[in-house]
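# Examination of the molecular architecture
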Amino acid sequence: MRTRSAVRTPGPADGAALLSWYDRHRRALPWRVVEGRADPYRVWLSEIMLQQTTVAAVIPYFERFTRRWPTVVDLAGAEDGDVMAAWAGLGYYARARNLLACARAVAARGAFPTTREGLRALPGVGDYTSAAIAAIAFGETAVVVDGNVERVVARLLALPVPPKSARREVEASVAAMLTERAGDFAQAMMDLGATICTPRNPVCALCPIAEPCAARTEGEPTRYPVKAEKKPRKVWQGVAFVPVRSDGTILTRRRPERGLLGGMSEAWGSPWGDAPADPFAHAPFGAPWRPAGGVTHVFTHATLTLDVFVAEVGEGAATPTGGTWQAPAAAGLPTLMKKVVERALGALG
Ligand code: SF4
């Protein structure tokens, strides 16, 4: 086994090899262009959608969004509820709210800023996203480091610590390889991580930057990246009530703008945290409630279990303040609430 110091440092020749591999093997993705500059709107939209989500999950959303709102000005003019409903299922709803705020900020100033620094000032655009847009849409020599790139570099260097705690070393290593075509280089690193240097089965035999790779030389690339110790997830509980009218509609309300699933539709119920002492104190009204079972949903920092109750009610059922009766399919429910409603309707048979 060779040591870390025995392998040469990645440099410009490796960047060139990576670009030449990218020219032959790049993924065809709907937000990419082969010739000329990418549209900053499409790059920005795809990058926001791709945060914490897979390419396969994003593609249909991206295509729907760009068909319905082909430019940032179209998106800026959209109703909040329409955008939240179109986003439903992608998760991380704060991103959808920031998406709209950002579209409106860009429409108000007339165009996307063209530098990383200018982009960084937009709502919901952080270090990574500003670097990615600056490189891909505007050709700025920005170092773009996402989870895929962290993994590739952690292996190239056989980093003995989690890549997040060696940020400068990771960035310096990417910068050492990046000498031309910043946008293509950023996308090449992403593609390499997604298709060759994958988390569980890196295909080192096909890798264009295998030569300086310390992890490959050691013979066990999947030892990297070294993982940070995880904090245990919190456990939350709660109850959800789904009254179903004879016309098939259910009662929903909007969650507060701030916080988890902010601004999204939800079923009536308790706050999430400790199990409620009296579940029925959180029902929208008195009804012949029947237990429909539990639904468990995993958020980044917590696991939530909701006990679901369902009741059939007449068309004259009360509408509590803030409530709306809607067909389930038209309610723009996030994934958790879809599971709640499915559980409730399933219990009715
Ligand atoms: S040689 Fe293997 S481990 Fe190293 S970067 Fe390439 S695919 Fe990843």
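Treat the numbers as computed from the prediction; the structure is a model and nothing was measured.

## Some words on the site of the ligand
In the neighbourhood of the ligand, the contacting residues comprise Arg 155, Ile 196, Cys 197, Cys 204, Cys 207, Ala 210, Cys 213, Arg 216 and Pro 221. Partitioned by chemical class, the residues of the shell around the ligand number seven nonpolar, no polar and two charged.

## Digging into helix α1 (residues 12-25)
Across its 14 residues, α1 extends 20 Å between first and last C-alpha, which sits within 8% of the 20 Å expected from 1.5 Å per residue. Of all the positions in α1, only Asp 14, Gly 15, Leu 18, Leu 19, Trp 21 and Tyr 22 are classed as buried. Projected onto a plane normal to the axis of α1, the buried residues spread over an arc of 160 degrees and lie on a single side. Residues of α1 that are exposed and point over 90 degrees away from its buried face: Ala 13 and Arg 24.

## Details of the packing of aromatic side chains
A complete count under the given rule lists 13 aromatic pairs for this structure. Relative to Phe 299, the ring of Trp 272 has its centre 5.8 Å away and its plane inclined at 25 degrees; by these criteria the two rings are stacked. Taken together, the residues Trp 272 in the loop between β3 (265-269) and β4 (290-298) and Phe 299 in the loop between β4 and β5 (302-313) connect sequence positions 27 residues apart. Take Phe 299: its relative accessible area is 10%, and that puts it in the buried class.

## So, the packing of helix α2 (residues 40-50) against helix α3 (residues 55-68)
Viewed as axis vectors pointing N to C, α2 and α3 meet at an angle of 140 degrees, and their least axial separation amounts to 10 Å. One finds that α2 runs oblique with respect to α3. For α2 against α3, the interelement crossing comes out right-handed. Across from Tyr 41, Arg 42, Leu 45, Ser 46, Met 49 and Leu 50 in α2, the residues of α3 making contact are Val 55, Val 58, Tyr 61, Phe 62, Phe 65 and Thr 66. Among the residues forming the contact of α2 with α3, the class breakdown is nine nonpolar, two polar and one charged.

## Details of the domain arrangement of the protein chain
How big an interface is tends to be reported as the loss of accessible area on association of its parts. Assigned domains of the protein chain: these are domain 1 (4-223) and domain 2 (234-348). Summarising the inter-unit geometry, the C-alpha centres of domain 1 and domain 2 are found 37 Å apart. Summed over both partners, the interface of domain 1 with domain 2 buries about 720 Å², with 55% contributed by carbon and sulfur atoms. Per-residue buried area on domain 1 facing domain 2 is highest for Met 84, Tyr 93 and Arg 97; these three make up 59% of the total on that side. The tally of links between domain 1 and domain 2 comes to zero salt bridges. Residue classes in the side of domain 1 that touches domain 2 are distributed as five nonpolar, one polar and one charged.

## A look at unusual backbone geometry
The omega torsion of the bond from Tyr 224 to Pro 225 falls at 0 degrees, within 30 degrees of zero and hence cis. You can see Pro 225 is positioned in the loop between α12 (214-218) and β1 (234-245). The backbone of Arg 181 shows a phi angle near 45 degrees, a positive value even though the residue is not glycine. Topologically, Arg 181 is positioned in the loop between α10 (167-177) and α11 (182-195). Even without being glycine, Leu 261 reaches a positive phi, approximately 50 degrees.

What counts and how
Residues numbered from 1 in each chain as written. Predicted model: local features only at pLDDT ≥ 70, side-chain atom pairs only at ≥ 80, totals over all residues. Heavy atoms only, no water. Near = heavy atom within 4 Å. Nonpolar A, V, L, I, M, F, W, Y, C, P; charged D, E, K, R; others polar. Helix = DSSP H or I, 4+ residues; strand = E, 2+ residues; numbered from the N terminus. Expected span 1.5 Å × (residues − 1). Buried < 20%, exposed > 50% of the residue type's maximum accessible area, 1.4 Å probe, protein only. Arc of directions from axis to C-beta. Phe/Tyr/Trp six-rings, centres within 6.5 Å; stacked < 30°, edge-to-face > 60°. Axes fitted to C-alpha atoms, helices over the stretch in contact; angles between N-to-C directions. Parallel < 35°, antiparallel > 145°, perpendicular 65-115°, else oblique. Left-handed = near helix turned anticlockwise from the far one by under 90°. Contact = heavy atoms within 4.5 Å. Domains from an automatic or database assignment. Buried area = accessible area lost by both parts, 1.4 Å probe. Salt bridge = Lys/Arg side-chain N within 4 Å of Asp/Glu carboxyl O.

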